[in-house]
Amino acid sequence: MATQTESPNASVTVLAHGRRSFVAKKNFAGKVTVRKDVREMQPQEIVDFRLAVAGMSAISAQVPGDNRGFQYIAGIHGIPQFHCAHGIRAFALWHRPYVQMFEQAMQDIVPTAYLPYWNWSEQFEIPHIFTEKTWHNPKTGKTDPNPLLAQPMHGGAPTTRKPGPTAKLQRIGAKLAEARMATTYDNLHPDLEGPHNGLHLWVGGDMQSTDTAAYDPVFWAHHSFVEYVFCDWQDAHPGAHQPKISASDFVPFGVTVD
């Protein structure tokens, strides 16, 4: 099984210019990745995103257990590894290294790629880059299936979706206001997880189940947005007390709350 290694030019990821609290304060060589709203992506950035996901998918097609591949990373959340942190205090914090792991795997393939976020509190439909059936792949010179539309689930059938009505998504997005008003992490994490769960159910199909959700490429833009909201909350509450969470709740990442 191939193993990812840190390069001397490791990237630190932030959500937007000027943010302070997205990752621990450390000195990094190399570039800073800026995650953008899907609606602000430039054409080449969309190509880079698709090339990176297609590359991760190709790695899995060759060696399903390769930990650089889409299948392995998606399988951490549900089938077959079942490590997802839901309904517990670690919810928001566990998904942080998970999202970053996915993005860094993308950047191993396309260094300029980044993981965008889908702001479903304002954009009440699945972004078109995830729904288009085909795209022009500059690597093959052909019209290929859109790698952001679907991916196999644990090497099996491709993911599916069945989005709900716009009005329902508007109600789900409005619930984020409660999370933004939380004064402690203990209040934040359930208030954030609630609408997060609602979005999974609204997308429908395989996003409805924690067993299969991470195999749908839109999962990653959804969780990038959850990170955006979490980061906003941290910036607004610099004096918030650090929650006490067991290191066992961060498996398999080997990190702590710090």
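Cut-offs and rules
Residues numbered from 1 in each chain as written. Predicted model: local features only at pLDDT ≥ 70, side-chain atom pairs only at ≥ 80, totals over all residues. Heavy atoms only, no water. Helix = DSSP H or I, 4+ residues; strand = E, 2+ residues; numbered from the N terminus. Buried < 20%, exposed > 50% of the residue type's maximum accessible area, 1.4 Å probe, protein only. Contact = heavy atoms within 4.5 Å. Areas by Shrake-Rupley, 256 points an atom, 1.4 Å probe, with all protein chains shown as cover. Arc of directions from axis to C-beta. Phe/Tyr/Trp six-rings, centres within 6.5 Å; stacked < 30°, edge-to-face > 60°. Pairing = 2+ DSSP bridges. Salt bridge = Lys/Arg side-chain N within 4 Å of Asp/Glu carboxyl O. pLDDT = per-residue confidence, 0-100. 1 Å grid on protein atoms, 1.4 Å probe; cavity = no way out; pocket = protein on both sides within 12 Å on 5 of 7 lines; lining within 4 Å. Points joined across faces, edges and corners; volume = space filled by probe spheres on them. Axes fitted to C-alpha atoms, helices over the stretch in contact; angles between N-to-C directions. Parallel < 35°, antiparallel > 145°, perpendicular 65-115°, else oblique. Nonpolar A, V, L, I, M, F, W, Y, C, P; charged D, E, K, R; others polar.

## Focus on the overall build of the chain
The secondary structure content of the chain amounts to 7 helices and 4 strands. For the chain, the succession of helices and strands along the chain, N to C, is β-β-α-α-α-β-β-α-α-α-α. Expressed as a percentage of the 258 residues in the chain, the buried residues total 49%. Excluding contacts between residues fewer than 6 apart, the proportion of contacts in the chain whose partners are at least 24 apart in sequence is 68%. As displayed, the chain offers around 12200 Å² of accessible surface, 54% of which is attributable to carbon and sulfur atoms.

## Some remarks on helix α4 (residues 166–174)
Looking at α4, one finds that the buried residues are Leu169, Ile172 and Gly173. Take α4 and look down its axis: the buried residues cluster within an arc of 95°, on one side only. In α4, the exposed positions angled more than 90 degrees off the buried face are occupied by Arg171 and Ala174. Among the structural elements, α5 (176–181) and α6 (185–203) are those in contact with the buried residues of α4.

## Describing the packing of aromatic side chains
Inspection of every chain in the model, using the stated rule, returns 15 aromatic pairs. Taking 5.1 Å as the distance between ring centres and 55° as the angle between the ring planes, the aromatic pair formed by Trp94 and Phe253 counts as tilted. Note that Trp94 is positioned in helix α3 (residues 91–109) and Phe253 in the segment after α7 (218–236), a separation of 159 residues in sequence. Taking the relative accessible area as the measure of exposure, Trp94 reaches 0% and is therefore buried. Here the aromatic rings of Phe102 and Trp220 are separated by 4.0 Å at their centres, their planes lie at 10°, and the arrangement is stacked. Remark: Trp220 occurs in helix α7 and Phe102 occurs in helix α3; sequence separation between them is 118 residues. Within the aromatic cluster, the residues linked to one another by ring pairs are Phe70, Trp94, Tyr98, Phe102, Phe219, Trp220 and Phe253.

## Quick word on the pairing of strand β3 (residues 134–137)
Of the two faces of β3, the one holding Trp135 and Asn137 is buried and the one holding Thr134 and His136 is not buried anywhere. The loop that links β3 with its antiparallel partner strand β4 (residues 142–145) comprises 4 residues; one of these, Gly141, has a positive phi angle of about 75°.

## What to know about the pattern of salt bridges
Tallying each qualifying case throughout the model produces 10 salt bridges. A salt bridge links Glu132 to Arg50; the shortest N-O distance between them is 2.7 Å. One end of the pair, Glu132, is in the loop between α3 and β3; the other, Arg50, is in helix α1 (residues 43–62), with 82 residues separating them in the sequence. A relative accessible area of 6% means that Arg50 is categorised as buried. Three or more residues are tied together by salt bridges with common partners; here these are Asp37, Arg39 and Glu122.

## Quick word on the pairing of β4
The two faces of a sheet get side chains in turn, since along a regular strand they alternate between them. As paired strands, β3 and β4 are joined by 4 bridges and run antiparallel to one another. Counterpart to Asn137 in the pairing with β4 is Lys142.

## Quick look at the confidence of the model for the chain
The predicted coordinates of low-pLDDT regions are not to be read in fine detail. Across the chain, the average pLDDT comes to 90, with 88% of residues at or above 70. This stretch, residues 1–26, has a pLDDT under 50; its non-local contacts, to residues over four places away or in other chains, come to 64 contacts.

## Here we look at the layout of surface pockets
If you add up the space inside the second largest pocket, you get close to 170 Å³. As for the second largest pocket, its lining consists of Leu51, Ala54, Gly55, Ala58, Ile109, Val110, Asn137, Lys139 and Thr140. At 4 residues, α1 tops the list of elements feeding residues into the lining of the second largest pocket.

## Focus on the environment of Phe130
Its place among the elements puts Phe130 in the loop between α3 and β3. For the pair Phe130 and Ala150, spaced 20 residues apart in sequence, the C-alpha to C-alpha distance is 8.2 Å.

## Some details on the packing of α3 against α6
Following both chains from N to C, one finds α3 and α6 inclined at 70°, their axes separated by 8 Å at the closest point. For the element pair α3 / α6, the angle class is roughly perpendicular. Taken together, the residues of α6 that come into contact with α3 (itself represented by Phe91, Ala92 and Leu93) are Tyr185, His189, Leu192, Glu193 and His196. Classifying every residue of the contact of α3 with α6 gives 5 nonpolar, 2 polar and 1 charged.

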